[in-house]
Amino acid sequence: MNHFYFKDNHLYAENFLVEDLAKEFGTPLYIYSKNQILKNYREINQPLVNSKLDFINCYAIKANSNPEILKLLAEEGAGAEVASGGELYLALKFGYLRNKITFTGVGKTDEEIEYALRENIFNFTVESLQEIKVISEIAHKLGVIARISIRVNPDIDAKTHPYITTGMKENKFGIDSKDIMEVFKTANGLPNIDVIGIHSHIGSQITEVNPYIEAVKYLGELIQKVEKIGINIRYINFGGGFGVQYKNILTHRYIPTEEDETSRYSPLGEHVESVIKMLSAYNKKLVIEPGRSLVANAGILVGKVLYTKQGEVKKFIITDTGMNDLMRPCLYQAYHQVVPTTLKDTGFETVDIVGPVCETSDFLATKRSIQVMERGDRFAVLTTGAYGYSLSSNYNARLRPAEVLVDGDKHYLIREREKVEELHY
Ligand code: LLP
């Protein structure tokens, strides 16, 4: 996260003092670093380029679908992984090529399927036999052929939070191993279906390499079986899921260090490169769908302390931002580092940093050690570029934050703060 850093005890976003941006745009405020996004994209793309594999790097736009961020990655050459008709609309509107758009999801509606077929996108990742039949019927009605990749559920534990594990038997995603050959056969026999690939996305925020290696092995064996029955698999879609660092992002003598159980993080670092090597052996075109690893560490959420309150058993720092702006702590008990935007030598105290929403689960951090925070102090919640704004809501009729993109010494308001009048549209 080297585009967010402390200098003289002040937090910077590229060349800007975060305090200045917060004064100009108000809080809560999402700030993104353009150069961090580009760095992340290139870090992921380069090993693929070096591998000489034919590949499509499809940004999972659910991670952050701000139009300017979408445009930025489209201009870099990314494709898009979309999970709804709305995301497909955004991808098309903001510059993604049809032949680089892949549509995933267990519950595509007939309207969404028709929309995607009319737009002639590159691929549908399909998740049930019934869905494949519906796609075939709609394609028949339109007189087109639908290209599909069949998503398999390999029953592999991605060792991440249960809510973001997707490749286990009890998850709704993909087709179970026991049925998969039958589904390939049936799909291949349908008139308006072209089975081009195989897909596996076993989860998100995966920090260990072993689940990936297991998945690659599984796919290799499956491809052999599928090809034996005469189906020519051209694409392996490996999904996304590359984990990022959340703890100890910014270090300083006025910031306490956290114990961190995860030792390796680099997105598509050397261990993931080994996966690429394994995939090269299969001699197929590769599709990956990174979301978080492209944008998470390129964003921060800035808030302001409204009140401090000493309860009987703990102290609360009550802020102007909470679960409606950033769901991850409440939804997954996710850890995000919280740092004051101006560091002071006050010593540390342990507090709960909470939002203003009428829910006990409305917290940004619990039992967190931090410098003494006072009313009016600003702070930044780090690594919130992915699944931050995109998961936000208007709960409590709260207005969603503004979003600013910084690029060296330039900054752009890329989404205005919502206005109260917009609440009744
Ligand atoms: N491909 C598919 C089919 C997916 O379902 C997802 C994420 C991705 C790619 C991108 O995964 P990533 O590279 O971002 O891990 N809201 C949760 C994460 C949900 C992920 C959903 N699917 C969170 O905040 O942790």
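Just so it is clear, the structure is predicted and the values come from calculations on it, not from any experiment.

1. Some remarks on helix α3 (residues 67-75)
Argument step 1. Among the residues of α3, Pro67, Ile69, Leu70, Leu72, Leu73 and Ala74 are the ones counted as buried.
Argument step 2. Those residues of α3 hidden inside the fold are in contact with β4 (29-33), α2 (34-51), β5 (55-60), α4 (85-93), α10 (292-295) and β21 (410-415).
Argument step 3. Phi turns positive, to about 105°, at Gly77, one or two residues after α3.

2. Some thoughts on the pattern of salt bridges
Argument step 1. Applying the stated rule across the entire model yields 24 salt bridges.
Argument step 2. The salt bridge partner of Glu68 is Lys71, with a shortest N-O separation of 2.9 Å. In this pair, Glu68 and Lys71 both sit in helix α3, three residues apart, roughly one turn of the helix.
Argument step 3. Relative accessible area serves as the criterion here: at 31%, Lys71 is assigned to the partly exposed category.
Argument step 4. Overlapping salt bridges bring together Glu114, Arg118 and Lys141 as one network.

3. Here we look at the sheet that holds strand β2 (residues 10-13)
Two modes of strand pairing occur in sheets, parallel and antiparallel, and in both the strands are linked by backbone hydrogen bonds.
Argument step 1. Reading across the sheet, the three strands line up as β1-β2-β3 and stay open at both edges, with antiparallel pairing between neighbours. The sheet terminates laterally at β1 (4-7) and β3 (16-17), the two strands that pair on one side only.
Argument step 2. Across two bridges, the pairing between β2 and β3 is antiparallel. Residue Tyr12 lies in a different strand from β3, and its bridge partner there is Leu17.

4. What about the state of the cysteines?
Argument step 1. For the coordinates displayed, the defined rule picks out zero disulfides.
Argument step 2. In this model Cys358 remains outside any disulfide bridge; the closest cysteine sulfur is found in Cys330, 14 Å from its own.
Argument step 3. The class of Cys358 is exposed, set by a relative accessible area of 61%.

5. Description of the domain arrangement of the protein chain
Argument step 1. Split into domains, the protein chain comes out as domain 1 (4-31 + 297-414) and domain 2 (34-293).
Argument step 2. Between the C-alpha centres of domain 1 and domain 2 there is a distance of 31 Å.
Argument step 3. Of the residues lining the interface, 37 residues belong to domain 1; the matching set on domain 2 comes to 28 residues.
Argument step 4. When residues of domain 1 are sorted by the area they lose upon contact with domain 2, Tyr335, Gln337 and Tyr387 head the list and together hold 20% of the total.
Argument step 5. Linking domain 1 with domain 2 are two salt bridges.
Argument step 6. One salt bridge connects Asp407 with Lys34, and the closest N-O pair in it is separated by 3.5 Å.
Argument step 7. Linking domain 1 with domain 2 are 16 residue pairs in polar contact (both at pLDDT 80 or more).

6. Quick word on the side chain of Glu289
Argument step 1. One can find Glu289 in the loop between β13 (285-288) and α10.
Argument step 2. For the buried Glu289, no salt bridge exists, and the shortest N-O distance to an oppositely charged side chain is 6.2 Å, to Lys62.
Argument step 3. Reaching out from Glu289, the side chain makes a polar contact with the side chain of Asn237 at a distance of 2.8 Å.
Argument step 4. Those residues in contact with Glu289 that sit more than four places away from it in its chain are Cys58, Ala60, Glu81, Thr102, Thr104, His199, Asn237, Gly239 and Gly240.

7. What to know about the site of the ligand
Argument step 1. Lining the immediate surroundings of the ligand are 19 residues, of which Ser204, Glu289, Arg328, Tyr332 and Tyr387 lie closest.
Argument step 2. One of the side-chain N or O atoms of Tyr387 is found 2.6 Å from an oxygen atom in the ligand.
Argument step 3. Isolated, the ligand exposes 590 Å² of accessible area, and the fraction of that covered by the protein chains is 91%.
Argument step 4. Here the shell around the ligand is built from residues that sort into six nonpolar, seven polar and six charged.
Argument step 5. Both of domain 1 (4-31 + 297-414) and domain 2 (34-293) provide at least three residues apiece to the shell around the ligand.

Basis of the calculations
Residues numbered from 1 in each chain as written. Predicted model: local features only at pLDDT ≥ 70, side-chain atom pairs only at ≥ 80, totals over all residues. Heavy atoms only, no water. Buried < 20%, exposed > 50% of the residue type's maximum accessible area, 1.4 Å probe, protein only. Helix = DSSP H or I, 4+ residues; strand = E, 2+ residues; numbered from the N terminus. Contact = heavy atoms within 4.5 Å. Salt bridge = Lys/Arg side-chain N within 4 Å of Asp/Glu carboxyl O. Pairing = 2+ DSSP bridges. Disulfide = S-S within 2.5 Å. Domains from an automatic or database assignment. Buried area = accessible area lost by both parts, 1.4 Å probe. Polar contact = N/O pair within 3.5 Å; in protein donor to acceptor, adjacent residues only side chain to side chain. Lys, Arg positive; Asp, Glu negative; His and termini not counted. Near = heavy atom within 4 Å. Areas by Shrake-Rupley, 256 points an atom, 1.4 Å probe, with all protein chains shown as cover. Nonpolar A, V, L, I, M, F, W, Y, C, P; charged D, E, K, R; others polar.

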